[in-house]
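Single-letter residue listing:
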Amino acid sequence: MRADEIRELGSDDITARVRELEEERFRLKFRSATEPLEDPLRLRVIRKDVARLKTILHERTQGIVREPTTREEGSGKGEEGKRKARRPAKKGATKTKAR
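Just so it is clear, the structure is predicted and the values come from calculations on it, not from any experiment. (Residues numbered from 1 in each chain as written. Predicted model: local features only at pLDDT ≥ 70, side-chain atom pairs only at ≥ 80, totals over all residues. Heavy atoms only, no water.)

## Details of helix 3 (residues 42-62)
In a regular helix each residue adds 1.5 Å, so 21 residues correspond to 30 Å; helix 3 covers 30 Å between its end C-alpha atoms and thus fits that length. Within helix 3 the residues assigned to the buried category are L43, I46, D49, V50, L53, I56 and E59. G63 sits one or two positions beyond helix 3 and adopts a positive phi of about 85°. (Helix = DSSP H or I, 4+ residues; strand = E, 2+ residues; numbered from the N terminus. Expected span 1.5 Å × (residues − 1). Buried < 20%, exposed > 50% of the residue type's maximum accessible area, 1.4 Å probe, protein only.)

Here it is, written out as structure tokens:
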């Protein structure tokens, strides 16, 4: 789930979704101990979704309200706001202080 999708849900819906995901995670962990899973990365996805849900729920309890951002609007910086790619340092090159 994406954060903006989660923010559209009510607090009760979020807590219900957390319960469902934690139960699914428990079942998958238990099954992974006895047999190989078809999709072992599902455990990671569930863990991250639960963290996202709990974070947004915590933001609501603390009164932190974040406006959903749209990707079309951008940051308003245009081309000059983009970062330049850094080149890796050459082998053996070290920075030395000039004396």
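## So, a positive patch on the surface
A surface patch of like charges, here positive, comprises R25, K29, R44, R47 and K48. Where the positive patch is concerned, the elements lending two or more residues are helix 2 (11-34) and helix 3. Accessibility expressed as a relative area gives 47% for K29, which makes it partly exposed. (Patch = residues over 30% accessible without salt bridge, like charges linked within 9 Å, V, L, I, M, F, W, Y side chains within 5 Å. Areas by Shrake-Rupley, 256 points an atom, 1.4 Å probe, with all protein chains shown as cover. Salt bridge = Lys/Arg side-chain N within 4 Å of Asp/Glu carboxyl O. Lys, Arg positive; Asp, Glu negative; His and termini not counted. Charge placed at Lys NZ, Arg CZ, Asp CG, Glu CD.)

## Details of the pattern of salt bridges
In total, this model carries seven salt bridges according to the counting rule given. Here D4 ties to R2 by a salt bridge, and the two come within 2.9 Å at their closest N and O atoms. In this structure, E24 and R42 form a salt bridge, with 3.2 Å as the shortest nitrogen-oxygen distance. Of this pair, E24 sits in helix 2 while R42 is found in helix 3, placing the two residues 18 residues apart along the sequence.

## Comments concerning the confidence of the model for the protein chain
When pLDDT is averaged across the protein chain, the result is 81; 66% of the residues are at 70 or more. When mean pLDDT is compared element by element in the protein chain, helix 2 scores highest at 96, while helix 1 (residues 3-7) scores lowest at 90. (pLDDT = per-residue confidence, 0-100.)

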